[in-house]
Amino acid sequence: MQTTIAHSLFEEFVTIKDGLTCYKAGLPGYASNFSRDTLLAGIIATDQHLLENQLLMSYMHQGKEYDAITGEEPGKIHHEYPGVEVHEPYLSTYNACDTTALYLIGLEILGHLNKPGSMSFLQHHREGIESGVAYIERHIQDDIFWEFPPPGAKHFSLLTTYWKDSMVPRASGSAEPDYPVAFGLVQFQVARGLLAAATMLERNDLRAQADRLFRRGIETFMTDQYYCIEQDRTRRLKQISSDELHALAYIPLEYARLLPKKAISRRATGLITKPGIVCAPRAVGTKLPDQYHGYTVWIFEQALIHYGCQKFGLSEIAGAARRCVPYIEHGQERLLVEPGVKLAGNDRQLWSVAAKKYFSNMPSLRNMSWL
């Protein structure tokens, strides 16, 4: 697949690593390439160039073996390249359990934007798609996707390995899961990734497996009584979270009758603030020792929350997510809510720029029904 650089909206993020054109995640602070950030930016903005370049970059660094230090596994898509040492002696390179699913989803979205390009990628890199599926399937047990370090490792460099990777949002207790762990949001991303792979590889067995994961995910993590952020070896964290609203973006409309929509709406009221939907409720988020994913509004997530809530008719919550628009500016990473709304993090974040496009009048995921 021949790749090209992005148009002017994203060109300041373009960089070269190992001779490949790719993207920095944020300016000025995140010069590395992050698969998750770029794939989600490409999906949110429906940007062919972001997806083409990141799919190739991710494929070229896709896991080939087990590595206890980096978190590498065969078929696993990298988190951060080059990786860094967050907690000694581990590196962050493959510290993501959601990137492989997003890689599969990203290729499906590319098919809507540039079918010849996606077919060419599939033709030349089919083994990478199949290897990614195999990685996911190794982590599924009883229709739940479980995350755990590779052989020889007790931990990852990051405390958690989905997008809220600062710490478990538990005001008291361990900041790290007791592995193995299943994240509610990742369950639905993985299910949607397998559905994408089923379409691309023409495999009905993957379609059936994706269906089982969606159904099991709803009954396990998203009930009338609670939302479960994660369950690990020793406990379940039942707590309202933006993860539940974010997850709606990946769930096909055909599962609407299974969703506890009234309960979802009720729980969401505890997350609505002046500038949007916060990651965690105030009673928890303000007490976390690391506020990175605490009582904080993440700009990119507002786009996915808006998309998912619009899909399922939760228009009031979608409207609350849209409150971030006046604060995006040049692509602000996130917003602190107390004591007043304050800009935080990088002032130009790749996926926040994509969210800015999403909430504008330009074509984006907002205008499509692809997820």
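One structure accompanies this document, and this report is about it.

Attention now goes to the overall build of the protein. Across its full length, the protein carries 13 helices and 16 strands. Relative to the compact-globule value of 21 Å for 371 residues, the protein shows a C-alpha radius of gyration of 19 Å, a close match. Along the first, second and third principal axes, the C-alpha set of the protein runs to 50 × 45 × 45 Å. Counting only residues that meet the buried cut, the protein has 62% of its 371 residues in that class. At a minimum sequence separation of 6, the contacts of the protein that also span at least 24 residues come to 65%. Accessible area of the protein: about 13,800 Å², with a carbon and sulfur share of 50%. In the protein, which carries 38 positive and 41 negative side-chain charges, the distance between the mean positions of the two groups comes to 7 Å.

Here we come to the state of the cysteines. Each disulfide is one covalent bond, formed between the sulfur atoms of two cysteines. Scanning the model with the defined rule gives zero disulfides in all. Cysteine 324 supplies the cysteine sulfur nearest to cysteine 279, a cysteine that is in no disulfide, at a spacing of 13 Å. Residue cysteine 324 is classed as buried on the basis of its relative accessible area of 0%.

In space, the three strands of this open sheet follow the order 13-14-15, with antiparallel pairing throughout. The sheet is open, and its two borders are formed by strand 13 (296–298) and strand 15 (342–344), each paired with just one other strand. Adjacent strand axes in the sheet meet at a mean angle of 30 degrees, parallel and antiparallel pairs treated alike. In terms of strand pairing, strand 13 meets strand 14 (residues 334–336) through three bridges, oriented antiparallel. Across the sheet, residue valine 297 finds its bridge partner in strand 14, namely leucine 335.

Per the stated rule, a full pass over the model turns up 15 aromatic pairs. Ring geometry for tyrosine 103 versus phenylalanine 121: centroids 6.3 Å apart, planes at 75 degrees, classification edge-to-face. One end of the pair, tyrosine 103, is in helix 3 (residues 99–113); the other, phenylalanine 121, is in helix 4 (residues 115–124), and 18 residues separate them in sequence. Residue classification places tyrosine 103 among the buried positions, given a relative accessible area of 0%. Residue classification places phenylalanine 121 among the buried residues on the basis of a relative accessible area of 0%. Measuring from ring centre to ring centre gives 4.6 Å for tyrosine 162 and phenylalanine 183, while their planes differ by 25 degrees; the resulting arrangement is stacked. Here tyrosine 162, found in the loop between strand 7 (144–145) and strand 8 (182–183), pairs with phenylalanine 183, found in strand 8; they are 21 residues apart in sequence, far enough to count as distant. The class of tyrosine 162 is buried, set by a relative accessible area of 2%. When its relative accessible area of 2% is taken as the criterion, phenylalanine 183 is described as buried.

Analysis parameters
Along each chain, residues carry numbers from 1 onward, in the same order as the chain's sequence is written. Local features in this predicted model are restricted to residues of pLDDT 70 or higher, and side-chain atom pairs are both shown and tallied only at a pLDDT of 80 or more, whereas totals for entire chains, interfaces and linings draw on every residue. Calculation of side-chain values draws on the structure's entire complement of heavy atoms; hydrogens and water are dropped beforehand. Helix numbers and strand numbers start at the N terminus; a helix is a DSSP run of H or I with at least 4 residues, a strand a run of E with at least 2. Every radius of gyration here is taken over C-alpha atoms, with the globule rule written as 2.2 Å times N^0.38, N being the number of residues. Accessible area is worked out with a 1.4 Å probe on protein chains only. A residue is then buried under 20% of its type maximum, exposed over 50%, and partly exposed in between. Contacts between residues were defined by any pair of non-hydrogen atoms, one from each residue, lying within 4.5 Å. Using a 1.4 Å probe, accessible areas were evaluated by the Shrake-Rupley method; residue-level cover was limited to the displayed protein chains. Think of it this way: Lys and Arg go in the positive column, Asp and Glu in the negative one, and His and the chain ends go nowhere. Note on charges: their place is set at NZ of Lys, CZ of Arg, CG of Asp or CD of Glu. Two cysteine sulfur atoms make up a disulfide if the distance between them is within 2.5 Å. We treat two strands as partners when DSSP finds at least two bridges between them. Simply put, an axis is a line fit to the C-alpha atoms, just over the touching stretch for a helix, and the angle between two N-to-C directions goes from 0 to 180 degrees. The aromatic pairing rule takes the rings of Phe, Tyr and Trp, using the six-membered ring of Trp, and pairs them if the centres are within 6.5 Å, calling planes under 30 degrees apart stacked, those over 60 edge-to-face and the rest tilted.

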